[in-house]
Amino acid sequence: MKHLTPNMKASLTVCFLLGAATFGAASPYEIRDILTANSPVASRSKEWKPGAGISMEASGMDWTADGRLGVAVRKGEVWLLDGVLSGAADKVTYKLFASGLHEPLGLLRDGDSLLVTQRTEMTRLRDTNGDGEADEYLTAGNGWNVSGAYHGYVYGPKRDGRGNLWVTLNLDMGDHSDNKAAWRGWGGIVTPAGEFKPMAAGMRSPCGLGSNLAGDMFCVDQQGTWIATTPIYHLREGAFFLNPEGIASQNLPGSPVKLSGKVPEKVPYPEAVRALPEMCPPAVWLPYNKLGRSGTDLVVCDAQGKFGPFDGQMFVAEFTDSKVSRVFMEKVDGEYQGAAFPFLSGFASGIVRLLFGPDGSLLVGMSNRGWSSLGTKSYGLQRVVWNGSTPFAIREMRAHADGFELVFTQPVDRATAGDAGSYSMKSYTHLYSGAYGSEEIQTEPNPVTRATVSPDGLRVRLKVDNLRALYVHELRAEGVKSLQEGKLDYPDAYYTLNRIPKD
Amino acid sequence: MNIPNVSDVVDGVRLRLRASSVLTLASLLIGLPGLVLHAEPLVPGFERFHAAEPSVPGGRLLYNELGCVNCHGGDDGLPKRRGPELAGITQRIQGDWLRAFLSDPAAVRAGTVMPHLLSGQKPGEVESVLQYLATLKSKPEPKTTRDVNVERGRELFHTVGCVACHTPDKTFQPPEGAPKASDFSYPSVPFPRLGEKYVLTSLAEFLRDPLRLRPDGRMPRIEMEETDRFDLAGYLLELSSSDPKAAPKLNPFVGDVSLVASGKQTVASARCASCHGLPEEVAVQPVPLRQMDGGCLAEAPTPGVPRYGLSGAQRSALKHFLNSREIPVAEAQTARLSLEALNCLACHERDGSGGPDAGRRAYFQGDHNLGDTGRYAPPLTGIGRKLQPEWFAKVLSGEARVRPYLHTKMPVYGGATDAMPTLFGRVDAKAEPTLPGGDDTAGRKLLGTQGGVNCITCHRWGAHASLGIQALDLSNIGQRLQPGWFREYLINPAGYRPGTLMPSFWPGGHAANQEILGGDTDRQIASIYSFAKSANGEPEGFPSAASGEFELLPKTHPVVLRTFMEKVGTHAILVGFPQGSHLAYDGKAGRPSLAWQGKFFDAYTTWFSRFAPFEKPLGQHVVVWPQAAPEPGVRFEGYRLDEKRVPVFLLNVGGVRVSDRFEAVEGGLVRSVVWDPARLKNFSITHPDGVAVTEHPDSTPGARRFNYSWK
């Protein structure tokens, strides 16, 4: 249950806010406060002044060389926090490292420096005189247009496996908008010489980036015009994703994207992909409302077992419902695709950033300035800790020519898991159009005709009819029980079946 | 002459023919097989909801909308459908157009519900009717006129809501692109050749208040400025010049008193007064309905019987209605058909039906920040239990508008909507749970951001802009909404409006905020309602722009802040000094842009405004550096804070480092520009107007130092 009285603010157990039936369910994950708007000085307090308190509107996080947590905040500061992993929120110390930045939305350690993205540039912050505060604010990358629109955000940088620094650029919206100018809605890398090298187009609010364990770079965008629901893109050179509002930059020197035809409109999404060869489908779609609304960040779990059985998987943060989803990906015909699952909810504010700690706990940075969130605090920093007990969950969902294979975190009860009636599946897609979001369309049932449990009880092979390439396949494994008669933490899984494997 | 291809005509997209005569147009259309340019009268609500199969409601709608009821009586529940006022008609409409229209209404104005009455058995009949009408004078039309901006008129036509009913121009590109012909699920009301009917002043005057001449509300009033009306009229008349003097004039109507008497007789015998407001001398008595077939319903009505050109579907629906109607009718049907009669459902959905179809959706624009709720009108589902009846009446009369972000404007329908608040109140009523008493203090806290559920993050409150997206004003919910509906909405906003950005803070009835009122859902909602109704104060958490609470005060060391600033640009780096002189540096061009004295800067807008206006310095005596084109070889490389925490700006000039440092002293600024003179011979340094510039005596090439003192 969610209790956030002053006496209990340090501990907040994960609850499933949106499902009354699951209230009170024990969870192996616990959310702990480090700092939220309950702290003495709130960002919207009339008493607040720059430097007179910490408005922890966390918008970028990374660990410093000496093990402190660097946190960029939206009002333009970078703070260094010591002791966040100690478990005692009142022992955490805060040191202002940098200030005066223009809405930094990303932070990354690079040697002895911290890199931040501002609206206008990537900036290298360094303390050269050892007083604990940055005295160098050097321009480390630029080259995109800044028109002055409120939404002209810059996200990143994040490093891929080859050492490239990736940033993504929000589309302009509202006053001063100019999406015909350079590279709005694009992502690219910042070269060592500080130049922006465009790589991929077709994004809207590509708010969070991260690379997987193989070193490939991914990015989460948000639903809106042309984007039916939160997508996760595999960023690479020459890709065009969904939103064409910034496509005019394809005519600029250096563009790796050149659309071979007109962007289709008002057609079911699979038709759009077939009509435009450059259109790269998102590796995974997160269905609207079912997994929140506006995806904001992603992080790959590399906790060496210290965060439960999900190493290598991706966690995706979400703003409006203040929740975190879990994503499994596999490669089919050389392209990433996979499944998304509900995971954590009940955070204090709209989640903006995720970061794993060296101890395997998950840091969650939040701010809901500008939009509404189910978590009603103005901002905050929380930490998710695993208690060591294994949740009963569908860990992986893999596509096959004739269905799917589920991999569970615990052995299943053979009777229920082997009964095709324990599962139901349907598939759907969206309308690809300039309208804001889209309903699920062309929904059809996918009869599950057989369920075969592996000898070790950890895998179930489902034979499924009516698989459709490029549709989201939504599974409900309501009837499956674990060997200990336990129910799944969430019976839902959403597989983005861009390609049907040949097996 | 342009010959329209079939798709031009049937796709619901505007037909812009320049046919040389009415007859040519009519014969052209008849000559195209399978082509239907609304030869039948067009009642959008019927075509959209009832044309597929005959039904009593469909027939009832037609019985009202075609004016059957005006002659035959028998239904008084729906908003009266009337013809336009005829007094003064020859003073505002071209005589030739009137002649053609009276000779065959549907041939001139496809889809008109005016039946063909003067079927030509008496020569000179049309002219004599006109001569009689010309004797019915009204107040002269105003002579005011204005310049015309046709392009603006075109934009208005396609955005303020005209195309909810009327045919859009297919060459107009809404932001998402023009819809496909197949996206239009029912026909629009066309008005071809408007230029032969109206002149600029008479059309602009008509648009000022259509209800004056057409009181039945089928053409409602959209409140517009005079300039909007002229631009719109100029666009509709396809004027080629912005000069109103160049616009065609009304041809004087030549009277002929010898025809007036016979015209009067024809007006009486054709029963014009059943639908039109006319003098007592031509008044008519109702015609009792004795037969349910033949007459006006005959496929080929006999001469002297009104000829509507009904389609098969319309004829079947009317017959079905006349033979099977229930008396008395259910009020729910009256409510529904009232919405269809006034075409409310072109914009609004009710109970899952209606709302703009795929073709028309593209023309609804608004605030993209609010998603679909920022561009489409709200549903009318349960409207009678949603709005307080007094507020409902104010919405209909145009007094109350709460969604300024919708570009499509809610029009005013006059007396046609008078019955709606009570009618819908009865139809939509259901047993509502009573809310417990509210606690105003708790309500205020819940609305705010200091431990509440942050309503004001997205919602306006009276004159206060919200902190984020500008969703509708909550300060009037106590006057506007009924409490039972409010409770139901807050628990599940998407249940009323799928796709709303509004989350539930009481999902499944469980309060997300457990701290206020013990997490009691009903008491929390009642408290928000009662606080709003009390109009006693505002929620906590609005930062005040005017109070200077976000003024940055350099006290002990310089304060640096990046923002967007006028005369500096998007890469402005502001430096405020405790000594009271301040600087804005252009981090793109690599040069200083502004300096000023007094107060430094208020960061309120930088941090809180979504409109991101370019900022201004807070102080005075602003001086500006010359705004020449940026030096091509100069690259900005950031800044270093020195031991006094003064930023030293770093420039790369052709591979040579130049540093540019400003520091405030009493009464001004000291500027030091340093580079290696061995590698860079000359570096051009400019100074602002409005300060006295003196170069320091120690200044050398490669280490130049200037004093700027305000005069």
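Rules of the game
Sequence order as written defines the numbering, with residues in each chain counted from 1. For naming, the first written chain is A and the first written ligand is 1, with later ones following in the order written. In view of the model being predicted, local features appear only for residues whose pLDDT reaches at least 70, and side-chain atom pairs are presented and counted only at 80 or more, with totals across whole chains, interfaces and linings using the full set of residues. By definition, any uninterrupted DSSP run of H or I lasting at least four residues is a helix, any uninterrupted run of E lasting at least two residues is a strand, and each is numbered from the N terminus. Throughout, the radius of gyration refers to the C-alpha atoms, and the reference size of a globule is 2.2 Å times the residue count to the power 0.38. Any residue with 12 or fewer other C-beta atoms within 10 Å of its own C-beta is exposed, any with 20 or more is buried, and the rest are partly exposed; the C-beta atoms used are placed from the backbone. Here, residues touch in the contact sense if the C-beta positions derived from the backbone fall within 7 Å of one another. Domain ranges listed in this record stem from an automatic or a database domain assignment. Charged means Asp, Glu, Lys or Arg here, nonpolar means Ala, Val, Leu, Ile, Met, Phe, Trp, Tyr, Cys or Pro, and polar covers whatever is left, Gly included. Values of pLDDT, ranging from 0 to 100, describe the predictor's confidence in every residue of the model. Only buried residues count toward a nonpolar core: Ala, Val, Leu, Ile, Met, Phe, Trp, Tyr and Cys, linked into one set through C-beta atoms within 7 Å. Note on pairing: two strands pair once DSSP finds at least 2 bridges between them. Every axis in this analysis is a line fitted to C-alpha atoms, fitted for helices over the stretch in contact. Angles between the N-to-C directions lie between 0 and 180 degrees. Between 65 and 115 degrees an angle is taken as roughly perpendicular, under 35 as roughly parallel, over 145 as roughly antiparallel, and anywhere else as oblique. A crossing counts as left-handed when the near helix is turned anticlockwise from the far one by less than a right angle, and as right-handed when that turn is clockwise.

Q: Looking at this structure, how should I read the overall build of chain A?
A: Across its full length, chain A holds 2 helices and 34 strands. Scaling as 2.2 N^0.38, a compact globule of 503 residues should have a C-alpha radius of gyration of about 23 Å, and chain A matches this with 22 Å. For chain A, the spread of C-alpha atoms along the principal axes amounts to about 65 × 60 × 40 Å. Here chain A, with 503 residues, has 58% of them falling under the buried criterion. Here the contacts in chain A between residues at least 6 apart in sequence split such that 58% fall between residues at least 24 apart.

Q: Looking at this model, I keep getting lost on the overall build of chain B. Mind explaining?
A: Within chain B, the secondary structure is distributed over 27 helices and 15 strands. The globule rule puts the C-alpha radius of gyration for 711 residues at 27 Å, and the 34 Å found for chain B is more than 25% above it. Expressed as lengths along the three principal axes of its C-alpha atoms, the size of chain B is roughly 110 × 65 × 45 Å. Burial statistics for chain B: of 711 residues in total, 42% are counted as buried. Pairs at least 24 apart in sequence give 66% of the contacts found in chain B among residues at least 6 apart.

Q: Help me understand helix α13 (residues 226-236) of chain B, please; the structure alone is not making it clear to me.
A: Each α-helix winds once per 3.6 residues, and so residues spaced three or four apart point in a common direction. Residues and elements named next belong to chain B. With respect to burial, α13 is a largely interior element, 8 of its 11 residues being buried. Inspection of α13 places R229, F230, D231, L232, A233, G234, Y235 and L236 among the buried residues, and these make up the whole buried set. Looking at the buried side of α13, the elements it contacts are α10 (150-159) and α11 (200-208).

Q: Can you walk me through α10(B) in this structure?
A: Taken together, the buried positions of α10(B) are B:G153, B:L156, B:F157 and B:H158. Backbone geometry just downstream of α10(B) places B:G161 in the positive-phi region, at approximately 125°.

Q: Please explain the domain arrangement of chain A as it appears in this structure.
A: Accessible area lost on assembly of the parts is the figure often given for the size of an interface. Residues and elements named next belong to chain A. Segmenting chain A into domains produces domain 1 (9-45 + 53-386) and domain 2 (394-497). Taking the mean C-alpha position of each, domain 1 and domain 2 sit 28 Å from one another. With 33 residues of domain 1 in contact, the opposing surface of domain 2 contributes 29 residues. Listing elements by their share of the side of domain 1 that touches domain 2, those giving two or more residues are β18 (267-268), α1 (269-275), β19 (284-286), β22 (323-332) and β23 (335-345). Sorting elements by how many residues they give to the side of domain 1 that touches domain 2 places β23 first, with 6 residues. Its residues assigned to classes, the side of domain 1 that touches domain 2 shows 24 nonpolar, 6 polar and 3 charged.

Q: What is the right way to look at the confidence of the model for chain A in this model?
A: Predicted coordinates in areas of low pLDDT are best not read in detail. Residue and element names in this part refer to chain A. Looking at chain A, the pLDDT average stands at 91 and 91% of residues meet or exceed 70. Counted against residues more than four places away or in other chains, residues 1-25, with its pLDDT under 50, gives 48 contacts. Of the regions scoring below 50 in pLDDT, residues 38-51 engages in 25 contacts with residues more than four places distant in sequence or in other chains.

Q: I keep staring at the nonpolar core and nothing clicks. Help me out?
A: Inside soluble globular proteins, nonpolar side chains tend to come together where they are buried. Grouped together as the largest cluster of nonpolar side chains are 185 residues, with contacts concentrated most on A:V71, A:V78 and A:V316. Ranked by residues supplied to this core, first place goes to β23(A) with 6 residues. With sequence-adjacent residues up to four places away left out, A:V71 is seen in contact with A:M56, A:A58, A:M61, A:V78, A:W79, A:L81, A:G365 and A:L381. With 116 residues, the next largest nonpolar core counts B:L102, B:L239, B:V267 and B:A532 among its residues.

Q: Sorry, what's going on with the sheet that holds strand β11 (residues 154-159) of chain A here?
A: Hydrogen bonding along the main chain pairs the strands of a sheet, whether they run parallel or antiparallel. Residues and elements named next belong to chain A. Spatially, the 4 strands line up as an open sheet ordered β11-β12-β13-β14, and their pairing is antiparallel. This sheet does not close on itself; its edge strands, each paired only once, are β11 and β14 (196-200). For this sheet, the mean inter-axis angle between neighbouring strands, taken without regard to orientation, is 30°. In this sheet, β14 lies alongside strand β13 (residues 187-190) in antiparallel orientation, the contact comprising 4 bridges. Directly across from G187, in β14, lies its bridge partner A200.

Q: Help me understand the interface of chain A and chain B, please; the structure alone is not making it clear to me.
A: Contact with chain A, which involves 49 residues of that partner, is made by 49 residues of chain B. Broken down by element, the residue count for the side of chain A that touches chain B peaks at 4 residues, all from strand β10 (residues 136-141) of chain A. Partitioning the side of chain A that touches chain B into residue classes produces 17 nonpolar, 22 polar and 10 charged. Pairing between β10(A) and strand β10 (residues 634-641) of chain B: 3 bridges, direction antiparallel. Bridging from a neighbouring strand, A:L138 pairs with B:G638 of β10(B).

Q: Explain the packing of helix α4 (residues 56-65) of chain B against helix α16 (residues 331-341) of chain B here, please?
A: For any two helices packed against each other, one specifies the crossing angle of their axes together with the interaxial distance. All names here are of chain B. For the pair α4 and α16, the least separation of the axes is 10 Å and the interaxial angle reads 55°. Of the possible angle classes, the one that applies to α4 and α16 is oblique. Every pair of crossing elements has a handedness; the one defined by α4 and α16 is right-handed. Within the contact between the two elements, α4 uses P57, R60, L61, N64 and E65 and α16 uses Q333, L337, E340 and A341.

Q: How should I be thinking about the pairing of strand β11 (residues 647-653) of chain B in this particular structure?
A: Regular strands place side chains that alternate from one sheet face to the opposite one. Residues and elements named next belong to chain B. Of the pairings in the sheet, the one linking β10 to β11 comprises 6 bridges and is antiparallel in character. When the sheet's bridge partners are listed, F636 is paired in β11 with L651. Following β10, the chain reverses through 5 residues before pairing antiparallel with β11; R645 in that reversal takes a positive phi of roughly 60°. As judged from the 6 bridges shared by β11 and strand β12 (residues 656-665), these two strands associate in the antiparallel manner. Note on β12: the bridge partner recorded for V653 is V656. In textbook terms, the turn of a hairpin is the stretch between consecutive antiparallel strands, and for β11 and β12 this stretch comprises 2 residues, one of which, G654, has a positive phi near 55°.

Q: Before we go on, may I ask you to explain the pairing of β14(A) in this structure?
A: Across the 5 residues that make up β14(A), a large majority, 4, are buried. Adjacent in sequence and paired antiparallel, β13(A) and β14(A) are bridged by 5 residues, among which A:G194 carries a positive phi angle near 90°.

Q: For this particular structure, what's the right way to read the packing of helix α7 (residues 95-103) of chain B against helix α9 (residues 125-134) of chain B?
A: Residues and elements named next belong to chain B. In contact at an axis separation of 9 Å, α7 and α9 are set at 125° when each is read in the N-to-C sense. Comparing their axes, α9 and α7 come out oblique. For the pair α7 and α9, the sense of crossing is right-handed. Along its contact with α7, which presents G95, L98, R99, L102 and S103, the element α9 presents V126, V129 and L130. Classifying every residue of the contact of α7 with α9 by side-chain character gives 5 nonpolar, 2 polar and 1 charged.

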